[in-house]
Amino acid sequence: MVSFLGNPIDKIAMKRNLSRWGKLVQDAKTADPATLRGLRTQAQKLRSRVDQLMFIADSRLTLPLIGSSAIQKPLFCDWAYRPELWTGPLPVPGKAAIATQERIGREVAVYHDCAISELTARQIRNTREEDLAPFGLRMDVFQFDGSFLSLAIDLPTEAATGLRKKHLIKLDVIVELEKPLEIFARLNVKHGPNTEQIVRELPWQEEDFSVEFDMTYTKLNEKRVERMWLDLIFEGPEMNQITLRDLTMTRRPRAEI
């Protein structure tokens, strides 16, 4: 494909177009209302296209790149995953007054027991040099009359495929808090009629942290593993801003002794 900016004719056309709009800006200062309304309509149409171009360009050129699957994996890792919310743009990037069980994308659902929801959530673009995830999730919690707030993150079938009691599952999270907040991570593994649950408290004093779920001490039936999901539980989230810059999970077998 020939570069648009490398075509001399297109360069001349672009220069003339910019010059024309520069003149129209000056004319708008003295134009009659009918003419001004027509100019405004043309400008709105042009701005819509320019905004679309800027959004696409910013998304593609800003690091980390959209769709990046770069994950820091431990030795002998046999499964690694970053949910789609942190990987690519969502069709609906933000929601307000979120109802319980409402989904943010396909894999993440919000649970709470508030009578009146004053919770907003939106996907944000990560731009920091240290970020590996292209996107993050920011939640603003205002008045909170409920007793719990949690995010349920569905994991793909590959997470449960071949899962054994010898496995260690590691969760890596980068979180920013407006004020201190207790956060718990609960790994759920359904096997047959039973569900194993392992709970770990996350060290909120740190921004970048890891916790591990050891399957050795569970009653996992390896032959009947069906699916796995993760719950992030926030204790007392009222009047707080919670930003999850990244979330990844990896799996590796425990070292043989």
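The rules behind each value
Residues numbered from 1 in each chain as written. Predicted model: local features only at pLDDT ≥ 70, side-chain atom pairs only at ≥ 80, totals over all residues. Heavy atoms only, no water. Helix = DSSP H or I, 4+ residues; strand = E, 2+ residues; numbered from the N terminus. Contact = heavy atoms within 4.5 Å. Areas by Shrake-Rupley, 256 points an atom, 1.4 Å probe, with all protein chains shown as cover. Buried < 20%, exposed > 50% of the residue type's maximum accessible area, 1.4 Å probe, protein only. Polar contact = N/O pair within 3.5 Å; in protein donor to acceptor, adjacent residues only side chain to side chain. 1 Å grid on protein atoms, 1.4 Å probe; cavity = no way out; pocket = protein on both sides within 12 Å on 5 of 7 lines; lining within 4 Å. Points joined across faces, edges and corners; volume = space filled by probe spheres on them. Nonpolar A, V, L, I, M, F, W, Y, C, P; charged D, E, K, R; others polar. Pairing = 2+ DSSP bridges. Patch = residues over 30% accessible without salt bridge, like charges linked within 9 Å, V, L, I, M, F, W, Y side chains within 5 Å. Salt bridge = Lys/Arg side-chain N within 4 Å of Asp/Glu carboxyl O. Lys, Arg positive; Asp, Glu negative; His and termini not counted. Charge placed at Lys NZ, Arg CZ, Asp CG, Glu CD. Axes fitted to C-alpha atoms, helices over the stretch in contact; angles between N-to-C directions.

**Description of the overall build of the chain**
Part 1 of the reasoning: Along its length, the chain carries 3 helices and 13 strands.
Part 2 of the reasoning: Partitioning the intrachain contacts of the chain with sequence separation of at least 6 by distance along the chain shows that 72% fall at a separation of at least 24.
Part 3 of the reasoning: When the accessible surface of the chain is split by element, carbon and sulfur atoms take 55% of a total near 15500 Å².

**Re the side chain of D246**
Part 1 of the reasoning: Locating D246 in the fold gives a position in strand 13 (residues 240–253).
Part 2 of the reasoning: Its relative accessible area of 9% is what places D246 among the buried residues.
Part 3 of the reasoning: Engagement of the side chain of D246 in a polar contact is seen with the side chain of R82, the distance being 2.9 Å.

**Some points on empty space enclosed by the protein**
Part 1 of the reasoning: Using the criterion set out here, one finds 1 cavity of 30 Å³ or more in the structure.
Part 2 of the reasoning: Roughly 40 Å³ of volume is contained in the largest cavity.
Part 3 of the reasoning: In this structure, the largest cavity is lined by H112, C114, S117, E118, L119, V141, Q143 and F144.
Part 4 of the reasoning: A class-by-class count of the residues in the lining of the largest cavity yields 4 nonpolar, 3 polar and 1 charged.

**Let's talk about the pairing of strand 9 (residues 182–191)**
The side chains of a regular strand alternate between the sheet's two faces.
Part 1 of the reasoning: Looking at chain direction, strand 9 and strand 12 (residues 225–235) are connected through 10 bridges and run antiparallel. The residue bridging A185 from the neighbouring strand is L232, located in strand 12.
Part 2 of the reasoning: With 9 bridges connecting them, strand 9 and strand 10 (residues 194–202) associate as antiparallel partners. Considered in strand 10, the bridge of R186 is made with V199.

**Overview of a negative patch on the surface**
Part 1 of the reasoning: Among the surface-exposed residues, D113, E118, D145 and E238 lie close enough to one another that they form a single negatively charged patch.
Part 2 of the reasoning: Within the secondary structure layout, D145 lies in the loop between strand 6 (135–141) and strand 7 (149–154).
Part 3 of the reasoning: By relative accessible area, D145 is classed as partly exposed at 49%.

**Overview of the pattern of salt bridges**
Part 1 of the reasoning: Considering all chains together, one arrives at 13 salt bridges under this definition.
Part 2 of the reasoning: Between D27 and K23 there is a salt bridge, and its shortest N-O distance comes to 3.1 Å. A residue pair is termed a helical-turn pair when its members lie 3 or 4 positions apart in one helix, as D27 and K23 do in helix 1 (residues 8–28) at 4 residues.
Part 3 of the reasoning: Take K23: its relative accessible area is 54%, and that puts it in the exposed class.
Part 4 of the reasoning: Note that E176 is salt-bridged to R128, the shortest N-O span being 2.9 Å. With E176 in strand 8 (residues 167–177) and R128 in the loop between strand 5 (119–125) and strand 6, the pair connects residues that are 48 residues apart, well separated along the chain.
Part 5 of the reasoning: Judged by its relative accessible area of 23%, E176 is partly exposed.
Part 6 of the reasoning: What emerges from the salt-bridge pattern is a single network uniting R128, E176 and R245.

**A short note on the sheet that holds strand 12**
Part 1 of the reasoning: Spatial strand order, 3-4-7-12-9-10: 6 strands in an open sheet with antiparallel pairing. The open sheet has two edge strands with one neighbour each: strand 3 (102–104) and strand 10. Sheet twist, expressed as the average angle between the axes of neighbouring strands with direction ignored, equals 25°.
Part 2 of the reasoning: Bridge analysis of strand 3 against strand 4 (residues 108–112) gives 3 bridges, and the strand direction is antiparallel. Residue pairing for strand 4: I104 is matched across the bridge by V108.

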